[in-house]
Amino acid sequence: MTALVVSRILQGLGVMLAMSLIVFVGVYAIGDPVEILINPDADQATRAEVTRSLGLDRPVWEQYGLFLFNALQGDLGRSFVFNMPAIELILERMPATLELAIAATLLAVLLGIPLGLVAGMKPASRTGRTIMAGSILGFSLPTFWVGLLLILVFSIWLGWLPSFGQGETVDVLGIPVSFLTADGLAHLILPALNLALFKLALLIRLTRAGVKEVMPQDYIRFARAKGLTGRRIIGLHVLKNILIPIVTVIGIEFGSVVAFAVVTESIFNWPGMGKLIIESIYMLDRPVIVAYLMVIVVLFVVINLVVDLLYSALDPRVRLKAMPA
Amino acid sequence: MTDMSVGRQPAKTKPNVPRPRSQLADFAAQFAESRAAVIGLVVLAVMVFAAIFAPLIAPQDPYDLASLSILDARLPPGTESMNGYVFWLGTDGLGRDLFSAILYGLRISLAVGVMSAVFALIIGTSLGLTGAYFGRRLDAVIMRLVDLQMSFPPILVALILLAVLGRGVEKTMIALIVVQWAYYARTVRATALAERSKEYMDAARCLRLGHIQILTRHLLPNCLPPLMVVLTVQMAHAVTLEATLSFLGVGLPETQPSLGLLIANGFRYLINGTYWISIFPGIALLVVILSINLVGDQLRDMLNPRLNR
């Protein structure tokens, strides 16, 4: 187990180093941020002064070396636009994104697994078919367009839910969260639903496939012969056996939920790090782009590690296979 | 052996003997078993046709500024224009006929999606196939690249690439190719590894054919079926991804208004209840993606050996 953890962490560090190099060199070619930051009428001296103060006059490798050295101390440069440490800016926005992503994942799980169970138990029924047709639609609908539809129907036509921003927030341990106030919760519903839709379709299909595989097994028939109620069979015997792939997929997909939050945040004006990265791309705010990337890479390495460990904890067969290696 | 006699008698004089169907006809018959897939294929064909002949079908050239009138801006669907033409789907913020704009947008969306999917197919297949054929270190390097690529969601990789490269048609296509090649490489490698040990490969090697000839003439044709499935699925993904990136304002430039850009342009008018500018291009996008997915689903079922009837 320890060997597995250590090798995974080392792999993760390698990925991070490679990404930092690719990103830094790439972003360096993006254009000249000085052009955007200063008054076009500014004279050559001001220009040179700004360039020097941002460290843009040094050779690329020197900038990268400095960047790497600073990054190891948690300093990923200052945002040109906000004039504050980029990493602080990202971390400040991260809770909002994580809140949205967790809400979306919860929504997908709470709706997807029951719907998938129904579709799997009665695949030929009208309900089962409707659920499956809905999941195909869920796969095909472009996320951003569904966001617009949600805004149109629920905030503009019906006027039920707000579509803009995070609403009222409460500080929990110094982090502002929305879901504890009625206003914040109302603001959370539409973006969370939007973000959840794709995962919902995925979970329905996964659960249904699992149920169809497990139901004909001998132990289910035995449980039924023993006279167990349908609820107990599903709740205990079926769920337990289909849960392993589901948990893995939820874990792996959490990263993609965070990535897709970029789209949802832009539509619903949710003040998370996804919206920040889009704005930074427009403004050519290089340090923020690089810092966002490094944070995302760390996040992914952590998520993959957690999923790997969870998987081997849940399924003894995986653990045994991993041992000799 | 009635086939032997075909040369002597005309085909129509032997009505009782069913001619052996060609592979293609077999394939078509099997495909037609799913009505949804046939509908998807027909709809897709209509959309592709409309996209190719957009300049002939569209009642208005939406990018000819001379033919636009700002007085026509944001007219609801069905309104008649000043010169008697009916805007069936309404007009956008600049007074463009939305139906024409959608036809042109479809053209751009499909061209970018299909071309990048095909390029990704070529690159991914070449890498995956050579990796599987030569094995060892080359294979290991390529597969590590595939792993690295696949551990990040496509939208994120594309976004970062475009943040670095900037907006543009070629740049968007590069981003789409970069996020897609790995799927082809992985698929073709898995098939090629299974094919490599078959007898015809041994035979080809015994004949001392060149590597390139074995790869392209013998190995590649046998790896094609699963690749076609991946190609259809990835085309749908490419179209969606391009629309998403363009919607976010990092994909195609304003001068190449794909469906995603049309939807983005309508977004700012949505708050006033001017829904059609965003909604109709979205429906066009949905229909394209849905029909590609229906076709892809059926292809996958047909080629899945576990479901073989």
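A quick note: this is a predicted structure, and the numbers were derived from the prediction, not measured. Residue indices follow the written sequence of each chain, beginning from 1 at its first position. Both sets of labels track the order of writing: A upward for chains, 1 upward for ligands. For a predicted model such as this one, the threshold for reporting local features is a pLDDT of at least 70, and the threshold for listing and counting side-chain atom pairs is 80 or more; totals across whole chains, interfaces and linings nevertheless cover every residue. Only hydrogens and water are set aside when side-chain values are computed; all heavy atoms of the structure are taken into account.

Looking at this structure, how should I read the overall build of chain A?
Under the DSSP-based scheme used, a helix requires at least four consecutive residues in state H or I and a strand at least two consecutive residues in state E, with every element numbered from the N terminus. Counting secondary structure elements, chain A contains 13 helices and two strands. Note on contacts: a residue pair qualifies if any of its non-hydrogen atoms lie within 4.5 Å across the two residues. Across chain A, the fraction of contacts at a sequence separation of at least 24, relative to all contacts at a separation of at least 6, is 71%.

In this structure, what is going on with the confidence of the model for chain B? I would like to understand it.
Close inspection of predicted coordinates is inappropriate in any region flagged by low pLDDT. All names here are of chain B. For chain B, per-residue confidence averages 80 on the pLDDT scale, and 82% of positions sit at 70 or higher. A low-confidence stretch, residues 1-14 (pLDDT under 50), is modelled with six contacts involving residues beyond four sequence positions or located in other chains. Taken over the whole predicted complex, pTM reads 0.80, whereas the ipTM for its chain interfaces reads 0.77. As a per-residue quantity, pLDDT reports the predictor's confidence and falls between 0 and 100.

What exactly am I supposed to notice about the interface of chain A and chain B here?
A common way to report how large an interface is uses the accessible area buried once the components associate. Opposite the 38 residues of chain A that make contact, chain B presents 34 residues. Looking at the side of chain A facing chain B, the largest losses of area belong to Phe 144, Trp 145 and Leu 148 of chain A, adding up to 21% of the total buried there. We count a salt bridge whenever a side-chain nitrogen from Lys or Arg sits within 4 Å of a carboxyl oxygen from Asp or Glu. Put simply, chain A and chain B have zero salt bridges between them. Here a polar contact is taken to be a pair of N or O atoms separated by no more than 3.5 Å, where protein atoms must pair a possible hydrogen donor with a possible acceptor and residues adjacent in sequence count only if both atoms sit in side chains. Between the two partners, chain A and chain B, sit three residue pairs in polar contact (both at pLDDT 80 or more). What counts as buried area is the accessible surface, traced by a 1.4 Å probe, that two parts surrender upon association, with contributions from both included.

What should I look at first to understand the pattern of salt bridges in this one?
Residue and element names in this part refer to chain A. Summed over all chains, the structure comprises eight salt bridges over all chains. Its salt-bridge partner being Lys 275, residue Glu 279 comes within 2.9 Å of it at the nearest N-O pair. Here Glu 279 pairs with Lys 275, and both are found in helix H11 (residues 273-283), just four residues apart, close to one helical turn.

How should I be thinking about the packing of helix H6 (residues 126-140) of chain A against helix H11 (residues 276-303) of chain B in this particular structure?
For the pair H6 of chain A and H11 of chain B, the least separation of the axes is 9 Å and the interaxial angle reads 120°. Judged by the angle between their axes, H6 of chain A and H11 of chain B are oblique. Crossing geometry of H6 of chain A relative to H11 of chain B is assigned as right-handed. Across from Ile 136, Leu 137 and Ser 140 of chain A in H6 of chain A, the residues of H11 of chain B making contact are Leu 286, Ile 289, Leu 290, Asn 293 and Asp 297 of chain B. Three classes are used, and their members are as follows: Ala, Val, Leu, Ile, Met, Phe, Trp, Tyr, Cys and Pro are nonpolar, Asp, Glu, Lys and Arg are charged, and the others, Gly among them, are polar. When its residues are assigned to classes, the contact of H6 of chain A with H11 of chain B shows five nonpolar, two polar and one charged. In this analysis, axes come from line fits to C-alpha atoms, helices being fitted only over the stretch in contact, and the angle between any two N-to-C directions falls in the range 0 to 180 degrees. Our angle categories are set so that under 35 degrees counts as roughly parallel, over 145 as roughly antiparallel, 65 to 115 as roughly perpendicular, and the remainder as oblique. By convention, the crossing between two helices is left-handed when the near helix turns anticlockwise from the far helix through less than a right angle, and right-handed when the turn is clockwise.

Would you take a moment to explain the environment of Arg 93 of chain A for this structure?
All names here are of chain A. Among the structural elements, Arg 93 can be located in helix H5 (residues 86-121). Three exposure classes are used, based on accessible area relative to the maximum for each residue type with a 1.4 Å probe and protein chains only: buried under 20%, partly exposed in between, and exposed over 50%. Given a relative accessible area of 15%, Arg 93 falls into the buried group. Measuring from C-alpha to C-alpha, the distance between Arg 93 and Gly 272 comes to 4.7 Å, with 179 residues separating the pair along the chain. If sequence neighbours within four positions are ignored, Arg 93 has contacts with Phe 82, Pro 271, Gly 272, Met 273 and Leu 276. A distance of 3.5 Å separates a polar atom in the side chain of Arg 93 from the backbone oxygen of Gly 272.

What's the story with the confidence of the model for chain A in this structure? I'm lost.
In this model, chain A carries a mean pLDDT of 79, and residues with pLDDT of at least 70 account for 86%. By mean pLDDT, the top-scoring element of chain A is H5 of chain A (88), and the lowest-scoring one is helix H13 (residues 316-322) of chain A (57).

Explanation requested: the packing of H11 of chain A against helix H12 (residues 286-314) of chain A in the structure shown.
Angle between the axes and distance between the axes: these two values describe a pair of packed helices. All names here are of chain A. It is the contact of H11 with H12, at a shortest axis distance of 9 Å, that shows an interaxial angle of 145°. Note that H11 runs across H12; the crossing there is left-handed. Only Val 288, Ile 289, Tyr 292 and Ile 296 of H12 make contact with H11, whose side of the interface consists of Met 273, Leu 276, Ile 277, Ser 280 and Ile 281. Residue composition of the contact of H11 with H12, by class: eight nonpolar, one polar and no charged.

Just checking my understanding: could you explain the side chain of Gln 149 of chain B for this structure?
Considering the arrangement of structural elements, one finds Gln 149 of chain B in helix H5 (residues 136-150). Not counting residues within four places of it along the chain, the set of residues in contact with Gln 149 of chain B comprises Val 157, Val 178, Val 179, Trp 181 and Ala 182 of chain B.

Please explain the packing of aromatic side chains as it appears in this structure.
The geometry of an aromatic ring pair comes down to the distance between the two centres and the angle between the two planes. Only rings of Phe, Tyr and Trp enter the pairing, Trp through its six-membered ring, and a pair is recorded when the two centres are within 6.5 Å. The plane angle decides the type: under 30 degrees is stacked, over 60 is edge-to-face, the rest tilted. Taken as a whole, this structure holds six aromatic pairs over all chains when the rule is applied. With centroids separated by 5.4 Å and ring planes inclined at 40°, the aromatic side chains of Phe 300 of chain A and Phe 152 of chain B adopt a geometry described as tilted. Taken together, the residues span two chains, with Phe 300 of chain A in helix H12 and Phe 152 of chain B in the loop between H5 and helix H6 (154-165). Given a relative accessible area of 5%, Phe 300 of chain A falls into the buried group. Consider the rings of Phe 247 of chain B and Phe 267 of chain B, whose centres lie 5.9 Å apart with planes at 45°: the pair is tilted. Taken together, the residues Phe 247 of chain B in helix H9 (residues 211-248) and Phe 267 of chain B in helix H10 (residues 259-270) connect sequence positions 20 residues apart. Phe 247 of chain B gets classed as buried once you look at its relative accessible area, which sits at 10%.

What is the right way to look at unusual backbone geometry in this model?
Most peptide bonds adopt trans geometry, and most residues besides glycine take a negative phi value. For Asn 269 of chain A, which is not a glycine, the phi torsion comes out positive at approximately 55°. Of the residues examined, Asn 269 of chain A reaches a relative accessible area of 23% and is grouped as partly exposed. Non-glycine residue Arg 208 of chain B carries a positive phi angle of around 55°. For Arg 208 of chain B, a relative accessible area of 75% gives the class exposed.

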